[in-house]
Amino acid sequence: MAGRLPDADELLTPAEVAALFRVDPKTVTRWAKAGKLTSIRTLGGHRRYRAAEVRALLGETIPAPRDTEA
């Protein structure tokens, strides 16, 4: 896309983040207000979230598989 920096982060909408966590988009907005997730505001005032930060947070919430070898 012309005009974008090559190292620009991928941004996600509240609905996309909510789908990943299986929560309501309003919950994602509450997380941002509480400081649990960093949001970026567009020129129109809409929130966007860095995909890398969301994936890191998602990775923390998934429990590690148990070692079932015996």
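None of these values were measured; they are calculated from a predicted model.

Some remarks on the overall build of the protein chain
Consideration 1: The secondary structure content of the protein chain amounts to three helices and three strands.
Consideration 2: Reading the protein chain from its N end, one meets helices and strands in the order β-α-α-β-β-α.
Consideration 3: Across the 70 residues of the protein chain, 21% fall into the buried class.
Consideration 4: Long-range contacts, defined here as pairs at least 24 residues apart, represent 42% of the contacts in the protein chain between residues at least 6 apart.
Consideration 5: Roughly 5,600 Å² of accessible area belongs to the protein chain as shown, and the carbon and sulfur atoms make up 54% of that amount.

Here's the deal with the side chain of arginine 47
Consideration 1: Considering the arrangement of structural elements, one finds arginine 47 in strand S3 (residues 47-50).
Consideration 2: Although arginine 47 is buried, it makes no salt bridge; glutamate 53 carries the closest opposite charge, 11 Å away.
Consideration 3: There is a polar contact of 3.0 Å between the side chain of arginine 47 and the side chain of serine 39.
Consideration 4: In this structure arginine 47 touches Leu12, Thr13, Pro14, Thr29, Ala32, Lys33, Ser39, Ile40 and Arg41, once residues within four positions along its chain are discounted.

Here we look at the side chain of threonine 29
Consideration 1: Topologically, threonine 29 is positioned in helix H2 (residues 25-34).
Consideration 2: Residue threonine 29 is classed as buried on the basis of its relative accessible area, which comes to 15%.
Consideration 3: Those residues in contact with threonine 29, other than ones at most four positions away along the chain, are Arg47 and Tyr49.

Some details on the packing of helix H1 (residues 14-21) against H2
Consideration 1: Between H1 and H2, the least distance of the axes is 8 Å, while the angle of their chain directions is 100°. On the basis of the axis angle, H1 is roughly perpendicular to H2. Counted together, Pro14, Ala15, Val17, Ala18 and Phe21 of H1 and Pro25, Val28 and Trp31 of H2 form the full contact between these two elements.

Considerations on the pattern of salt bridges
Consideration 1: If you walk through the whole model with that rule in mind, you get one salt bridge.
Consideration 2: Between glutamate 10 and arginine 55 there is a salt bridge whose closest N-O contact spans 3.4 Å. Here the residue glutamate 10 occupies a position in the segment before strand S1 (11-12), and arginine 55 occupies one in helix H3 (residues 51-61), the gap between them amounting to 45 residues.

Procedures and definitions
- Every chain begins its residue count from 1, and numbering advances along the sequence as written.
- Only residues with pLDDT of at least 70 get local features here, since the model is predicted, and only at 80 or more are side-chain atom pairs given and counted; chain-wide, interface and lining totals rely on the full set of residues.
- Computation of side-chain values covers all heavy atoms of the structure but excludes hydrogens and water.
- In this text, helices come from DSSP runs of H or I with a minimum length of four residues, and strands from runs of E with a minimum of two, each type numbered from the N-terminal end.
- Throughout this description, buried means an accessible area under 20% of the type-specific maximum (1.4 Å probe, protein chains only), exposed means over 50%, and partly exposed covers the range between.
- Residues count as neighbours in contact if any of their non-hydrogen atoms are within 4.5 Å of one another.
- Only the protein chains shown count as covering a residue, and every accessible area follows the Shrake-Rupley method with a 1.4 Å probe.
- Counted as positive: Lys and Arg. Counted as negative: Asp and Glu. His and the chain ends are not counted at all.
- Salt bridge, as used here, is a side-chain nitrogen of Lys or Arg placed within 4 Å of a carboxyl oxygen of Asp or Glu.
- The term polar contact refers here to a pair of N or O atoms within 3.5 Å; inside protein, the definition further demands a hydrogen-donor-capable atom paired with an acceptor-capable atom, and it admits residues adjacent in sequence only when both atoms are side-chain atoms.
- Think of each axis as a best-fit line through the C-alpha atoms, taken over the contacting stretch in the case of a helix, with angles from 0 to 180 degrees between the N-to-C directions.
- An angle below 35 degrees is read as roughly parallel, one above 145 as roughly antiparallel, one from 65 to 115 as roughly perpendicular, and any other as oblique.

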